[in-house]
Amino acid sequence: MEAAAETQRVQTLVEAGVAHLPARYVQPPELRPHLSRRRDVTADCGSIPVVDLGPSGGDPVPAIGRACREWGAFQVVNHGVRPGLLEEVRAMGSSFFRAPMEAKLRFACDPRSPASEGYGSRMLAKDDGVLDWRDYFDHHALPESRRNPSRWPDFPSNYRDVVIEYSNNMKKLAQTLLCMISQSLGLPPLYIEEAVGEVYQNITISYYPPCPQPDLALGLQSHSDMGAITLLIQDDVEGLEVLKDGEWVQVQPLSDAVVVILADQTEVISNGEYKSAVHRAVVNAHHPRLSVATFYDPCKTRKIYPAMQLITKQSPLKFREVLYGDYVSSWYSKGPEGKRNIDALLINQ
Ligand code: OGA
Ligand code: NI
């Protein structure tokens, strides 16, 4: 119960019937989502590419290379993960967030330490920024030495088994995609996987309650993910947006697809040939939204640096080497906003 006092959940505010957005959730005017001015996916500008990984889709590597170069994000279909599993994970997530607060607080995260496992709302260690209109449940899933399902919800009764099956499936899919991304850069298939080393996988279920003033808030502020690659599934409520040429483009919810988001360490390894995608989540007044993000990250003792093979006269070394643990600490202390953390690694700033 102590944790409840220290970390306010957005869902608690909504259930109490707040009519106006509390000041701590009001974004400064330049960061507000301008929902009425959003580029519409149905207009001719399109959204992130959809890549078919199935046998009838042809060789996906060139399409993946183009998507990584142009967007830093794409969706994959026919990816080999059974659609029923995606549905089960979403259903379990919703049933957790629908449960009474008392039941959820049995699994509260430690609000004093950033990125601690469990049920929380505020992500950053610092206490002064604008808050996201989001609650979440973070699972430490891999390596197995970090995996302790007793810290995960025990309702519905198959929750923990489903998370384990999902974790293993997402690891495999991430590795398949990293092979293809390596090949699309002209690197050996295992290059990025080996550069990342043993995978640290976190699975974060995000729950974005309906928001009384969605024009003033963000579900998740603009950021790029800090690890190697993120695989995200969402329900049928729109909200995820990717920044492309200075404009926010909505990612269309496709129930069987997995959204692939390149993260900062892949940008470093590719020596900037591929960019990590800047993305955010917007909220709406009527519908709660649920997403499940699976992060594929290096371990904290890993040094990450650009692939030698990609350094040429035309494309000289762009980033300095970074110890991944230092990168994570700086992300959590500075926050994701403004200049991206990766810019601090640029050799010619
Ligand atoms: C994230 C993220 C977007 C979403 O968790 O890093 O970008 O749609 N989530 O929930
Ligand atoms: Ni993200």
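Residues numbered from 1 in each chain as written. Chains lettered and ligands numbered in written order. Predicted model: local features only at pLDDT ≥ 70, side-chain atom pairs only at ≥ 80, totals over all residues. Heavy atoms only, no water.

With an unreviewed UniProt entry as reference, the chain is termed Fe2OG dioxygenase domain-containing protein, source organism Musa balbisiana. Quoted straight from UniProt, the Sequence similarities (unreviewed entry) entry for the chain says "Belongs to the iron/ascorbate-dependent oxidoreductase family." (UniProt positions renumbered as here; feature names shortened; annotations may be inferred.)

Caption draft 1: Spatial organisation of the coordination of the nickel ion (ligand 2). At the metal site, the nickel ion (ligand 2) is ligated by His223 (NE2), Asp225 (OD) and His279 (NE2), and these contacts range over 2.1 Å. Counting the intervening residues between successive donors of the nickel ion (ligand 2) yields the motif H-x1-D-x53-H. What makes aspartate 225 buried here is its relative accessible area of 6%. (Donors = N, O, S within 2.8 Å, 3.2 Å for Na, K, Ca; no water. Buried < 20%, exposed > 50% of the residue type's maximum accessible area, 1.4 Å probe, protein only.)

Caption draft 2: Focus on the sheet that holds strand β10 (residues 258–262). Taken in spatial order, the 8 strands of this open sheet run β1-β2-β10-β7-β12-β5-β4-β3, and their pairing is mixed. The open sheet has two edge strands with one neighbour each: β1 (50–52) and β3 (118–120). Ignoring which end each strand starts from, the neighbouring axes of this sheet average 25 degrees apart. Where strand β7 (residues 229–234) meets β10, 4 bridges bridge the pair, whose relative direction is antiparallel. Bridge assignment links leucine 231 to a residue of β10, and that residue is valine 260. (Pairing = 2+ DSSP bridges. Helix = DSSP H or I, 4+ residues; strand = E, 2+ residues; numbered from the N terminus. Axes fitted to C-alpha atoms, helices over the stretch in contact; angles between N-to-C directions.)

Caption draft 3: Empty space enclosed by the protein, seen in detail. Per the stated rule, a full pass over the model turns up 1 cavity of 30 Å³ or more. Size it by volume and the largest cavity reaches roughly 40 Å³. Lining the largest cavity are His223, Ser224, Asp264, Trp331, Pro336, Arg340 and Asn341. Looking at the lining of the largest cavity residue by residue, the class counts come to 2 nonpolar, 3 polar and 2 charged. (1 Å grid on protein atoms, 1.4 Å probe; cavity = no way out; pocket = protein on both sides within 12 Å on 5 of 7 lines; lining within 4 Å. Points joined across faces, edges and corners; volume = space filled by probe spheres on them. Nonpolar A, V, L, I, M, F, W, Y, C, P; charged D, E, K, R; others polar.)

Caption draft 4: Inspection of the packing of aromatic side chains at higher detail. This model, assessed by the stated rule, comprises 9 aromatic pairs. Taken together through their ring pairs, the aromatic side chains of Phe96, Phe97, Phe107, Tyr119, Phe137, Phe155 and Tyr207 make up a single cluster. Its end group placed over the ring of tyrosine 119, arginine 9 keeps NZ or CZ at 4.5 Å from the ring centre. Just above the ring of tryptophan 71 sits the side chain of lysine 244; from NZ or CZ to the centre is 5.0 Å. (Phe/Tyr/Trp six-rings, centres within 6.5 Å; stacked < 30°, edge-to-face > 60°. Lys NZ or Arg CZ within 6 Å of the ring centre and 35° of its normal.)

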